[in-house]
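# An overview of the molecular structure
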Amino acid sequence: QKEVEQDPGPLSVPEGAIVSLNCTYSNSAFQYFMWYRQYSRKGPELLMYTYSSGNKEDGRFTAQVDKSSKYISLFIRDSQPSDSATYLCASGGSNYKLTFGKGTLLTVNP
Amino acid sequence: SAVISQKPSRDICQRGTSLTIQCQVDSQVTMMFWYRQQPGQSLTLIATANQGSEATYESGFVIDKFPISRPNLTFSTLTVSNMSPEDSSIYLCSVVWAGTDYEQYFGPGTRLTVT
């Protein structure tokens, strides 16, 4: 079993939709959780960072971590065509090493 | 905001040759890492670049194949040695900025094709 599993998609939604992206992890030592956005032929861009359980909101983006179920989510409200990208979840522990999911390709159609 | 740059951005290399990738940041970092992103695969950590000492490699990666240097706090190189087509991938450096928590930021990547 991979340490971080992510729904691969692809996911296609109409503009304005609410998008839900999800990952699960298996390593109980993971303490912090990140979401990255990666446009084609670009490096991953840190979108959200969460330490331990709970919710974090930044504009149209909400990251949610449930450590009891080892479940990580990213919600995008009022999705825009510019949100079309690959979204990567990642988890890490005190050694700073990140373990990534495979990524979900999201397309937002105008 | 702080900048991470990588050189080259892309390259096409012949089998059996070596390529050195540079990663430069414009302010001090706590940690520097090198990752590989193969088509359809997760980003995979190759090694932690340690300043002034040997890099710490992850399982499946060895120094002879991926020698890494980090002479100071803002610069590191990764060499891909004796390349084969299986080394075709995107190579990324990442950093944790000094004074921050665990947030990790990535460079733009180097797209390597081995023929």
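Refer to the structure above for everything that follows.
Basis of the calculations
- Residues numbered from 1 in each chain as written.
- Chains lettered and ligands numbered in written order.
- Predicted model: local features only at pLDDT ≥ 70, side-chain atom pairs only at ≥ 80, totals over all residues.
- Heavy atoms only, no water.
- Helix = DSSP H or I, 4+ residues; strand = E, 2+ residues; numbered from the N terminus.
- Rg over C-alpha atoms; globule rule 2.2 N^0.38 Å.
- Buried < 20%, exposed > 50% of the residue type's maximum accessible area, 1.4 Å probe, protein only.
- Contact = heavy atoms within 4.5 Å.
- Areas by Shrake-Rupley, 256 points an atom, 1.4 Å probe, with all protein chains shown as cover.
- Lys, Arg positive; Asp, Glu negative; His and termini not counted.
- Charge placed at Lys NZ, Arg CZ, Asp CG, Glu CD.
- Disulfide = S-S within 2.5 Å.
- Buried area = accessible area lost by both parts, 1.4 Å probe.
- Salt bridge = Lys/Arg side-chain N within 4 Å of Asp/Glu carboxyl O.
- Polar contact = N/O pair within 3.5 Å; in protein donor to acceptor, adjacent residues only side chain to side chain.
- Nonpolar A, V, L, I, M, F, W, Y, C, P; charged D, E, K, R; others polar.

Further remarks concern the overall build of chain B. Helix and strand content of chain B: zero helices and eleven strands. What you see in chain B, going N to C, is helices and strands ordered as β-β-β-β-β-β-β-β-β-β-β. The C-alpha atoms of chain B give a radius of gyration of 13 Å, which matches the 13 Å a tight globule of 115 residues would have. Its C-alpha atoms give chain B principal-axis dimensions of roughly 40 × 25 × 20 Å. For chain B, with 115 residues in total, the buried portion stands at 48%. Nonlocal contacts in chain B, meaning residues at least 24 apart in sequence, comprise 55% of its contacts between residues at least 6 apart. Accessible area of chain B: about 5,300 Å², with a carbon and sulfur share of 48%. Charge separation in chain B, taken as the distance between the mean sites of 7 positive and 9 negative side-chain charges, equals 10 Å.

This part is about the state of the cysteines. Residue and element names in this part refer to chain A. With the rule as written, the count across this model stands at two disulfides over all chains. Here C23 connects covalently by a disulfide to C89, the sulfurs 1.9 Å from one another. Taking the sign of the S-S torsion, about -100° here, the bridge from C23 to C89 comes out left-handed. Of this pair, C23 sits in strand β3 (residues 19-25) while C89 is found in strand β9 (residues 85-92), placing the two residues 66 residues apart along the sequence.

With 22 residues of chain A in contact, the opposing surface of chain B contributes 23 residues. Together, the buried faces of chain A and chain B total about 1,900 Å²; carbon and sulfur atoms form 58% of this surface. The tally of links from chain A across to chain B stands at one salt bridge. Residue E58(B) pairs with K97(A) through a salt bridge whose shortest N-O separation is 2.8 Å. Applying the counting rule to chain A against chain B returns six residue pairs in polar contact (both at pLDDT 80 or more). The set of elements that each furnish at least two residues to the side of chain A that touches chain B consists of β4 (32-38), β5 (45-51) and β10 (98-100) of chain A. If one sorts the elements of the side of chain A that touches chain B by residue count, β4(A) sits on top with four residues. Partitioning the side of chain A that touches chain B into residue classes produces eleven nonpolar, seven polar and four charged.

None of this, on its own, says anything about what the molecule does.
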